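Below, each chain spelled out in residue letters.
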Amino acid sequence: MNTSTSSQPASTAVLIVNGRGDYLLHLRDAHKPICDPGTWSLVGGGPEPGETLDEAIEREILEETGLVLSGITPYTTVQAHGPNVTEGHIQVYTARWDGVAHDLPVSEGIMFAWFDIATMEQLVMCSWAHDVIEAHHSEYPAPPLPGSPDDAGQGGAGAVKNVIGAHLFLERDGRTLLGRRHPDAEFAGGVWHALAGHVEWESVRACLVREAYEEAGIVVEPGDLTLVHTVHVLDDRKGAEPRIQLFFRASRWFGEPEVREPDSCTAWQWWPLDGLPEPMVRYTRAAIDGILTGTAYTELGWAPAVPATGGR
């Protein structure tokens, strides 16, 4: 890694690391006149006029990933070289996030993905990004795998994180509110689904309050939300993470649903509880069935549990 303190950095980048020690990489466009086209690199960019580097990296993270991260910390400086390179010296930061990469919006480039240090050796990477990640990894190695001898007391073997989803169950005159996902949505394109969102650095109720207003213009208070069903889901996609989907009933709310994020949802509609639409997200249908029958919990996608047996 070519570090330097001889001149003021002209751009920024951030090492976003999760609890497994994986790094979030961004695949850059391959056929544009940009630096390091077609390579995996880091989120970042140059400051706007009058903007500090600290302000620039916060803005770049938000613009490129939609995330607002706390604990963004300066790490080192590097220097980029090559055609179309305008950044020169780059201030590299570190930040922590444990979310799902493929759920991030892609405003620039092709996609986001998590990679461990070994897999990165097989990627076509921006050279300075590769070097700074290697340097960081040597200082801060990935944590031991759950269940390993170095992980005593940290949970059972094979323990993994579960993604948490917050869902709003609204009921009015025997009908419930569902949204039709945009046909090009990465998840459930063209399918009916409850108003929902992934829990970020916030409580589940706070997530649902935020998502209700952002997606549909509905105002709901945290104290009016009651947990009515939980679905533990493991879908059949390769590498899919298990998810805990929490459904909350709102005892009251304000406003009429409107399409506020047309790239995600194209319509909101009240559907009779005895006449739900097709196609519909499977676990949402299961949750509504559970709510109507008074059951609290459903599992989908998991192998049936084998009862323990024993002799006398």
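Residues numbered from 1 in each chain as written. Predicted model: local features only at pLDDT ≥ 70, side-chain atom pairs only at ≥ 80, totals over all residues. Heavy atoms only, no water.

**Description of the pairing of strand β10 (residues 175–181)**
Here is step 1 of the chain: As paired elements, strand β9 (residues 171–172) and β10 share two bridges and run antiparallel to each other. Within β10, the position partnered with glutamate 171 by the bridge is threonine 176.
Here is step 2 of the chain: Connecting β9 to the antiparallel partner β10 that follows it, the hairpin turn spans two residues, and aspartate 173 within it adopts a positive phi of roughly 55°.
Here is step 3 of the chain: Relative to strand β15 (residues 265–272), β10 is paired through seven bridges, and the arrangement is antiparallel. Paired with threonine 176 across the bridge in β15 is tryptophan 271.
Here is step 4 of the chain: Of the pairings in the sheet, the one linking β10 to strand β11 (residues 192–193) comprises two bridges and is antiparallel in character. Bridge pairing links arginine 180 to tryptophan 192 in β11. (Pairing = 2+ DSSP bridges. Helix = DSSP H or I, 4+ residues; strand = E, 2+ residues; numbered from the N terminus.)

**Details of the packing of aromatic side chains**
Here is step 1 of the chain: Here the structure, examined in full by the defined rule, presents five aromatic pairs.
Here is step 2 of the chain: Their ring planes at 25° and their centres at 5.8 Å tell us that tryptophan 97 and tryptophan 114 sit as a pair that is stacked. A residue pair is termed long-range when its members are at least 10 positions apart, and tryptophan 97 in the loop between β6 (89–96) and β7 (111–115) and tryptophan 114 in strand β7 qualify at 17 residues. Tryptophan 114 matches tryptophan 97 in its accessibility class, with the two residues each being buried.
Here is step 3 of the chain: Centre to centre, the rings of tryptophan 253 and tryptophan 270 are 6.0 Å apart; their planes meet at 25°, and the pair counts as stacked. In this pair, tryptophan 253 sits in the loop between β14 (243–250) and β15 while tryptophan 270 sits in strand β15, placing the two residues 17 residues apart along the sequence. With respect to burial, tryptophan 253 and tryptophan 270 carry one shared label: buried.
Here is step 4 of the chain: Of note, arginine 260 hangs over the ring of tyrosine 213, and the distance from its end group to the ring centre comes to 4.4 Å. (Phe/Tyr/Trp six-rings, centres within 6.5 Å; stacked < 30°, edge-to-face > 60°. Buried < 20%, exposed > 50% of the residue type's maximum accessible area, 1.4 Å probe, protein only. Lys NZ or Arg CZ within 6 Å of the ring centre and 35° of its normal.)

**Focus: the side chain of glutamate 60**
Here is step 1 of the chain: Its place among the elements puts glutamate 60 in helix α1 (residues 53–65).
Here is step 2 of the chain: Within the structure, glutamate 60 has its side chain in polar contact with the side chain of arginine 59 (distance 3.2 Å).
Here is step 3 of the chain: In this structure glutamate 60 touches Thr12, Val43, Gly44, Gly45, Gly46 and Thr65, once residues within four positions along its chain are discounted. (Polar contact = N/O pair within 3.5 Å; in protein donor to acceptor, adjacent residues only side chain to side chain. Contact = heavy atoms within 4.5 Å.)

**Re the nonpolar core**
Here is step 1 of the chain: Counting residues in hydrophobic clusters, the biggest one holds 23 residues, and the most contacted among them are Leu15, Leu25, Leu42, Trp128, Val132 and Ile133.
Here is step 2 of the chain: At the level of elements, β1 (11–17), β2 (23–27), β5 (73–79), β6, β7 and α3 (127–139) are the ones that each hand at least two residues to this core.
Here is step 3 of the chain: When neighbours within four sequence positions are excluded, leucine 25 is seen to be in contact with Trp40, Ser41, Leu42, Met111, Phe112, Ala113, Phe115, Met120, Leu123, Met125 and Ile133. (Core = buried A, V, L, I, M, F, W, Y, C linked by side-chain atoms within 4.5 Å.)

**Some thoughts on the pattern of salt bridges**
Here is step 1 of the chain: Counting across every chain of the model gives 15 salt bridges.
Here is step 2 of the chain: We note a salt bridge from aspartate 103 to arginine 243, for which the minimum N-O separation is 3.6 Å. Highlighted residues: aspartate 103 in the loop between β6 and β7 and arginine 243 in strand β14, separated in sequence by 140 residues.
Here is step 3 of the chain: Given the relative accessible area of 31%, aspartate 103 is considered partly exposed.
Here is step 4 of the chain: Residues joined in a network through salt bridges with shared partners are Glu48, Glu51, Arg59, Glu60 and Glu63. (Salt bridge = Lys/Arg side-chain N within 4 Å of Asp/Glu carboxyl O.)

**Details of the sheet that holds strand β16 (residues 297–300)**
The strands that make up a sheet pair up through hydrogen bonds in the backbone, lying either parallel or antiparallel.
Here is step 1 of the chain: Across the sheet, which stays open at both edges, the five strands sit in the order β12-β8-β14-β13-β16 with mixed pairing between neighbours. Of all strands in the sheet, those bounded by a partner on one side alone are β12 (195–198) and β16. For this sheet, the mean inter-axis angle between neighbouring strands, taken without regard to orientation, is 25°.
Here is step 2 of the chain: Bridge analysis of strand β8 (residues 163–169) against β12 gives four bridges, and the strand direction is antiparallel. (Axes fitted to C-alpha atoms, helices over the stretch in contact; angles between N-to-C directions.)

**Concerning a nonpolar patch on the surface**
Here is step 1 of the chain: Taken together, the side chains of Tyr213, Val219 and Phe254 present a nonpolar region at the surface, about 280 Å² in accessible area.
Here is step 2 of the chain: Classification of tyrosine 213 as partly exposed rests on a relative accessible area of 44%. (Patch = residues over 30% accessible without salt bridge, like charges linked within 9 Å, V, L, I, M, F, W, Y side chains within 5 Å. Areas by Shrake-Rupley, 256 points an atom, 1.4 Å probe, with all protein chains shown as cover.)

**Brief notes about the environment of aspartate 103**
Here is step 1 of the chain: Measuring from C-alpha to C-alpha, the distance between aspartate 103 and threonine 65 comes to 9.5 Å, with 38 residues separating the pair along the chain.
Here is step 2 of the chain: Beyond its immediate stretch of four places on either side in the chain, aspartate 103 contacts His198 and Arg243.
Here is step 3 of the chain: Here histidine 198 takes part through its side chain, which lies 3.1 Å from a polar atom of the side chain of aspartate 103.

**Focus: α1**
Here is step 1 of the chain: A rise of 1.5 Å per residue sets the reference length of α1, with its 13 residues, at 18 Å; its end C-alpha atoms lie 18 Å apart and thus fit the reference within 8%.
Here is step 2 of the chain: All of the buried residues in α1 are Leu53, Ala56, Ile57, Arg59, Glu60, Ile61, Glu64 and Thr65.
Here is step 3 of the chain: For α1, the elements touching its buried residues are β1, β2, β4 (43–45), β6 and β7.
Here is step 4 of the chain: Directly beyond the C-terminal end of α1, a positive phi value near 80° is found at glycine 66. (Expected span 1.5 Å × (residues − 1).)

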